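# Fold and geometry: a report
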Amino acid sequence: VGHCHPDVVKAAHEQNQLLNTNSRYLHDNLVDYAERLSKTLPEKLCIFYFLNSGSEANDLALRLARQYTEHQDVIVLDHAYHGHLTSLIDISPYKFRNLEGQKDWVHVAPVPDTYRGLYREDHEDSATAYADEVRNIIEHAHTRGRKIAAFFAESLPSVGGQIIPPAGYFQKVAQHVHKAGGVFIADEIQVGFGRVGKHFWAFQLQGEDFTPDIVTMGKPIGNGHPLACVATTKEIAEAFAATGVEYFNTFGGNPVSCAIGLAVLDVIEKEHLQAHASEVGNFLMKLLKEQQIKHPIIGDVRGCGLFIGVDLIKDQAE
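Residues numbered from 1 in each chain as written. Predicted model: local features only at pLDDT ≥ 70, side-chain atom pairs only at ≥ 80, totals over all residues. Heavy atoms only, no water.

The name that an unreviewed UniProt entry assigns to the protein is AT2L2 lyase, with the source organism given as Formicarius rufipectus. What UniProt records for the protein under Sequence similarities (unreviewed entry) is the sentence "Belongs to the class-III pyridoxal-phosphate-dependent aminotransferase family." (UniProt positions renumbered as here; feature names shortened; annotations may be inferred.)

Written out as structure tokens, the structure reads:
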């Protein structure tokens, strides 16, 4: 919402003068913020955990998935990056390939890239073809006695090259993953909060018939303040709570953080930032496409709202 936005600064300052304590103490800000966030999400995503960073959120999502499914393995997209904790480096091909390599519980699916990927724009049904790759991974894992806990993906792969997955891909993947007893985790840390313009969440680009089992949030959520969130279903949260090991975070979702989170949502709404993302994004895409005509080095211009990629190439044919 912009550097040092006065509304966000004011909310932080006012709450800082009153009370800042850990989230074991009841405070209206936590409940008010959870309620506000819930209005932006599909109804079944109704339980919220507040944390300090996107990495913390993705690590908790992993724990939730494993506790709920009682499985261990994770399917991720190639080139993905999900955070800097050890657990997340392990599911980030972008990182682990330069470090200790791929763990036996991690399975890498091809990124659903219709420009450079396995199945391109000329494919009759790239969504199904890419989803079938996930199904094949699951079947192969089962032959080795492995069990899938989660399919973990950014709703729009960002580090992987600003990829826009073909419509229907997530629905088809979710079918295969659910059949295997796993859950679908949508990482909205870079792409959520209206950035895509058309929708508040990037996973909604796939259509109204798709809802992830877990959604993780970070980065824009606090406009630079350390705040993050995991939203999930009642069933998953109950399985997690059943262990008796409650989730607790000293600073995650404290009253100041939640006041800031509320202020950020207010600004997004008041300043029509979702419409702004669409308008400015469309304008930028138009200008970039004009450059594409002039410069053969620009192979592809793609995007949605203010999530835009320019693909630079050496050879148009190849």
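## Topic: the pairing of strand β6 (residues 214–217)
On β6, burial covers both faces: Ile214 and Thr216 on one face and Val215 and Met217 on the other are all buried. Where strand β5 (residues 183–187) meets β6, three bridges bridge the pair, whose relative direction is parallel. Along β6, the bridge assignment pairs Ala186 with Val215. Taken together, the four bridges between β6 and strand β7 (residues 228–232) define a ladder with antiparallel strand orientation. Across the sheet, the residue bridging to Met217 is Cys229, located in β7. (Buried < 20%, exposed > 50% of the residue type's maximum accessible area, 1.4 Å probe, protein only. Helix = DSSP H or I, 4+ residues; strand = E, 2+ residues; numbered from the N terminus. Pairing = 2+ DSSP bridges.)

## Things to note about the side chain of Asp73
You can see Asp73 is positioned in strand β2 (residues 73–77). Exposure remark for Asp73: the relative accessible area of 1% places this residue in the buried category. Within the structure, Asp73 has its side chain in polar contact with the side chain of His107 (distance 2.7 Å). Ignoring anything within four residues of it in the chain, the contact list for Asp73 reads Asp104, Trp105, His107, Arg146, Lys147, Ile148, Ala149 and Ala150. (Polar contact = N/O pair within 3.5 Å; in protein donor to acceptor, adjacent residues only side chain to side chain. Contact = heavy atoms within 4.5 Å.)

## Here's the deal with the packing of aromatic side chains
This structure, assessed with the given rule, holds 15 aromatic pairs. With centroids separated by 6.0 Å and ring planes inclined at 65°, the aromatic side chains of Tyr81 and Tyr94 adopt a geometry described as edge-to-face. With Tyr81 in the loop between β2 and α4 (86–89) and Tyr94 in helix α5 (residues 93–96), this pair connects stretches of sequence that are 13 residues apart. Taking relative accessible area as the criterion, Tyr94 reaches 44% and is therefore assigned partly exposed. With centroids separated by 5.7 Å and ring planes inclined at 65°, the aromatic side chains of Phe193 and Phe200 adopt a geometry described as edge-to-face. Overall, Phe200 belongs to the buried group, its relative accessible area being 12%. Through successive ring pairs, a cluster of aromatic residues spans Tyr119, Tyr130, Phe151, Tyr169, Phe170, Phe184, Phe203 and Phe210. (Phe/Tyr/Trp six-rings, centres within 6.5 Å; stacked < 30°, edge-to-face > 60°.)

## Observations regarding a nonpolar patch on the surface
The grouping of Ile297, Val310 and Leu312 at the surface amounts to a nonpolar patch, some 260 Å² of accessible area in total. Turning to its location among the elements, Val310 is positioned in strand β9 (residues 307–312). (Patch = residues over 30% accessible without salt bridge, like charges linked within 9 Å, V, L, I, M, F, W, Y side chains within 5 Å. Areas by Shrake-Rupley, 256 points an atom, 1.4 Å probe, with all protein chains shown as cover. Salt bridge = Lys/Arg side-chain N within 4 Å of Asp/Glu carboxyl O.)

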